[in-house]
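Notes for the structure review
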Amino acid sequence: QVQLVESGGGLVQPGGSLRLSCAASGSNFSITSMGWYRQAPGTQREFVAVITSSGGMTHYGDSVKGRSTISRDHAKNTVHLEMNRPIPKDTDVYYCNAVAVLIGTMRLSTYWGQGTPVTVSS
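Please read these numbers as outputs of a predicted model, since none were measured by experiment.

**Brief notes about the state of the cysteines**
One pass over the full model with this rule turns up one disulfide. Paired through a disulfide, Cys22 and Cys96 show a sulfur-sulfur distance of 2.0 Å. Negative torsions about the S-S bond denote left-handed disulfides, and the value of about -85° found for Cys22 with Cys96 makes this one left-handed. Of the two residues, Cys22 is situated in strand β3 (residues 17-26) and Cys96 in strand β9 (residues 92-102); the sequence distance between them amounts to 74 residues.

Shown next, in the form of structure tokens:
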């Protein structure tokens, strides 16, 4: 089992910067990728960004591409999302995501954090 704990949400000024972090913990697992999704009430969860465990390959959703950076601290099993120039449309609940394999098996499982709300407003 993998537990994900997000931090860094809250009120952000438009045009400022946003930094979210997610720490993974648990035992007997190996993470293959970590990422972020976001969701507003009554809408589908939207992909934001993902980073692979091995080569650090990254991929971004169209709505944040060019103004966001996802990074990972392997030693701390932590992933960060930095977003420059947030706009009010970035207001959402942001969820951390991890795909991990149980050590000794070939079974991949997907895990989610509880979500951290972000409000972009002046």
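**What to know about the pattern of salt bridges**
With the rule as written, the count across this model stands at six salt bridges. Measuring nitrogen to oxygen at the nearest pair gives 3.0 Å for the salt bridge that ties Arg38 to Glu46. A relative accessible area of 4% places Arg38 in the buried class. Ionic pairing is found between Asp90 and Arg38, a salt bridge with its closest N-O pair at 2.8 Å. Of the two residues, Asp90 sits in the loop between β8 (78-84) and β9 while Arg38 sits in strand β4 (residues 29-39), which places them 52 residues apart along the sequence. Exposure remark for Asp90: the relative accessible area of 1% places this residue in the buried category. Residues joined in a network through salt bridges with shared partners are Arg38, Glu46, Arg67, Asp90 and Asp92.

Conventions and cut-offs
Residues numbered from 1 in each chain as written. Predicted model: local features only at pLDDT ≥ 70, side-chain atom pairs only at ≥ 80, totals over all residues. Heavy atoms only, no water. Disulfide = S-S within 2.5 Å. Helix = DSSP H or I, 4+ residues; strand = E, 2+ residues; numbered from the N terminus. Salt bridge = Lys/Arg side-chain N within 4 Å of Asp/Glu carboxyl O. Buried < 20%, exposed > 50% of the residue type's maximum accessible area, 1.4 Å probe, protein only.

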